[in-house]
Amino acid sequence: MWKYYLRSAWRNLKKGKLYSIINIAGLSIGLATGIMLLIWVQNESSFDAFFQNADRIYRVNTHFMGQENAGQEVVYPMTPPKVFDVTSSIPAVAAASRIIDNGQARFTRARLSRDFKLSSLFVDNSFLSVFSFKLLAGNRNGLWQNPYSIVLTASAAKKIYGNTAPLGQVLNYDGHPMTITGILADFPENSTIRADVLLPISYYAAGYAARHSGKNLDEDRQNFSMSTFLLLRNKTDANKVAAAVVKNWTDIGDKRFEFRLQHLTDIHLIQPNGNNSAYRLVQVFMVIMLMLFLIACINYVNMSTARSLVRAKEVGIKKIVGAKRRQLFFQFMGETVMVFGISMVIAIGLIFALMPLYNFISGKAFSCALNDWQLWKTLGVVLIATLLVASIYPAILLSSFKPIESLKGKISRNIGANTFRKGLVVFQFFMAAVLLFVTLIMGRQLDYIRNINIGYDRAYVFTVTFPKTAIPHLEAIKADLLHYTSIENIGLSSAEELTNLNVSSTSLKKQGQDPNSSFLSYPVAIDASFIPAMKMALAHGRNFTGSPADSLAVILNQTAVRQMGLKAPYLGQEVGFSGKKYKVIGVVKDFNFQDLRSAVSPLVFYVQPKSWNTLYVRTSARQMKSAIAAVADAYTPYKTSDAPFSYHFLDKQFENLYKSDMRVGALFTTFASIAIFISCLGLFGLATYSTETRIKEMGIRKVLGASARSLVRLICKEFVVLVLLAILIATPVSYLLAGRWLRNFAYQSTIGADVFIEVFCTLMLITFMTISLKVYKAAKSNLLRHLKSE
């Protein structure tokens, strides 16, 4: 019986080749792109879930009491070092570990001049007690006992030592020989904690003591430079542990902060203050994935039901000779299974072929292997789900025809005007319109961000960070460089990356401030040339002058003045900073030093020559190469294998903040285009079928004097009305969705009527072109031969 069903299905596929190609093409593309999008959604949702005790690991976030920024509470993902000590006495905490991001650092293999730039973290000895990363070599309990011991990942060890056993080898870091005590398996791609090298936090603590006159890092309650993670015992209430952390903190006499616990698996998608825009984005992509599957299924349903007239006589004859409805149902189900089977094979081929391009667009590193059971599990679930959605209704409809009415052709009028089929077309283009609208809004927002005035001029400015040995000589280096005509100005600063400041402190205080309140600000040490070099504007007061008096003066930004509650006139008022009294000599207009999703935070400029390590060099497009060469020459005396010369452009650093948004925009554009293409495939098939069924009507109209243009208008009118209805329904929905996405940014572009007009014109033009080409070709042909067939 099944052999008969398959032979019948194959004959019908060959009989209607055009419709079979349209169905298979639409399903193949829809399945392939939907599955690739599903892989992305699964990856984003799986971050950190691979840890053995992922359900019991939490990060401690700091809530700053009484401080808000743009109406939102200030919650920071870092903690003071002292929090680690505070948690040690809580029975419900099984283990705790601190992590300090050390960024890209340079490591040199002993006896070789070649250096390696690797990502690195400082970690506690308890790191592997909290995080179950796989240790390939070394003693798990003694990896970081020595301040000069480090652990590499397998890929980093391979990169540096090749096939040589790395354990016990010496790797130079920051001028110190470090012994390799362990090798970890490479961190998974879906881990928020990632690095090539893990350094002991005891090494960082020694450097901290040297910089702070022998102070103990573990007793620091001011600086927020590390993330603290807790592994809780089984069946422990995280809220109760957070309350215990707060109690222990207040018991040491500090009531400025509250601490909250955030689940490890939430960190990737939910910000510390509860902003879940990234999580919502994953949900949106899940909806897009369902849209692609539905659009592909709708094409199949529409084509199957639209061609029901052709199959009606076949059904009638088979029923007359004894076929039962159940048999016919399984016959049509068999046809659908065959179409979906062919489509799935093509879809798998497309996935493998397009995966490199998909990885480039998404910024991920997905891979597909035929022996990957997870891939086959995903394919199986998708195939069964879409098969059930697309096959049941056409099979029920086609098997339900009454024999006599089928043979007499009495069902043609009812099927041709099927409301359900029209509703599917409207729904299909509704989804395409929503995707197109959101894509246009995202593109405009990203363009708006790239071109917004962020409060300073970042064009033709590059930065160079000098090693520690050069810091005492930076003012002299700057003076020499200013003699070059290719250099317009130079500012000195402690901020290596002005576009993304991440060093914060609670040391800025208003006179008479409540000792139990906290105030988070971003301190930046600059010289007198920095503000003019960056073309920043002062709202009040003056700039630093370069005199010794600057050592006890600060310049605040407008947000700091407002949030501290300072009253005008601001100039000359005293504020506490780093345990000393400073005078406010100026107020700089707000500028963005973080991404534009967040409002501007409080900032304080101060003068401290020993903290200057970065030159901000302003030049011009024509003189850029000469300026870089001049700075490179000045850098040469301090160049080492650990610190080779490198420079970064501010505008590039700024764009890097929005790479993820740009990738999301590219994905939206890609999938919106695919959705529209699949919808047009279905529309082309329906238009082709409509033309074929009305070919005699068109012949009669042409004999009576109708022009080809009027015939095109006749056929197109029905479909254009359906697409127009879809656009009208999609407009308010799209407006709400785009508005919710824009709320993730503190600075937003506007949603104007021109966006709706652009969506309307684009879809109507695509619809008209898709239909009119086929209809016009039929209208220009010799229609008399179709009339003679009667």
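Quick look at the structure, then. Here the structure is a predicted model, which means the values were calculated and not measured.

**Brief notes about the overall build of the chain**
The helix and strand inventory of the chain stands at 24 helices and 24 strands. Relative to its full complement of 790 residues, the chain shows a buried share of 51%. Surface accessibility of the chain: about 36200 Å² in total, with carbon and sulfur atoms responsible for 57%.

**Digging into the sheet that holds strand E23 (residues 614-618)**
Read from one edge of the open sheet, four strands run E14-E23-E13-E24, paired in antiparallel fashion. Single-partner strands in this sheet number two, and they are strand E14 (489-493) and strand E24 (648-649). In this structure, strand E13 (residues 461-465) lies alongside E23, joined through five bridges in antiparallel fashion. Among the inter-strand pairings, Phe462 is bridged to a residue of E23, identified as Val617. Packed onto the sheet, helix H15 (residues 474-481) meets E14 and E23 and runs at close to 170° relative to E14. Together, E13, E23 and E24 form the strand contacts of helix H18 (residues 624-635), whose direction differs from that of E13 by roughly 10°.

**Quick word on the nonpolar core**
The biggest cluster of nonpolar side chains holds 173 residues, and the ones touching the most others in it are Phe285, Met536, Leu556 and Phe605. For this core, the element with the most residues is helix H14 (residues 419-451), which contributes 17 residues.

**A look at unusual backbone geometry**
For the bond from Ala568 to Pro569, the omega torsion is -5°, close enough to zero to count as cis. Within the element layout of this structure, Pro569 appears in the loop between helix H17 (558-564) and strand E20 (574-577). In this structure, Tyr460 takes a positive phi of about 60° despite not being glycine. Secondary-structure assignment places Tyr460 in the loop between H14 and E13. Located in the positive-phi region is Lys535, a residue other than glycine, with phi close to 55°. Looking at the element boundaries, Lys535 is found in the loop between helix H16 (530-533) and strand E18 (538-541). With a relative accessible area of 47%, Lys535 lands in the partly exposed category.

The rules behind these values
- Residues numbered from 1 in each chain as written.
- Predicted model: local features only at pLDDT ≥ 70, side-chain atom pairs only at ≥ 80, totals over all residues.
- Heavy atoms only, no water.
- Helix = DSSP H or I, 4+ residues; strand = E, 2+ residues; numbered from the N terminus.
- Buried < 20%, exposed > 50% of the residue type's maximum accessible area, 1.4 Å probe, protein only.
- Areas by Shrake-Rupley, 256 points an atom, 1.4 Å probe, with all protein chains shown as cover.
- Pairing = 2+ DSSP bridges.
- Contact = heavy atoms within 4.5 Å.
- Axes fitted to C-alpha atoms, helices over the stretch in contact; angles between N-to-C directions.
- Core = buried A, V, L, I, M, F, W, Y, C linked by side-chain atoms within 4.5 Å.

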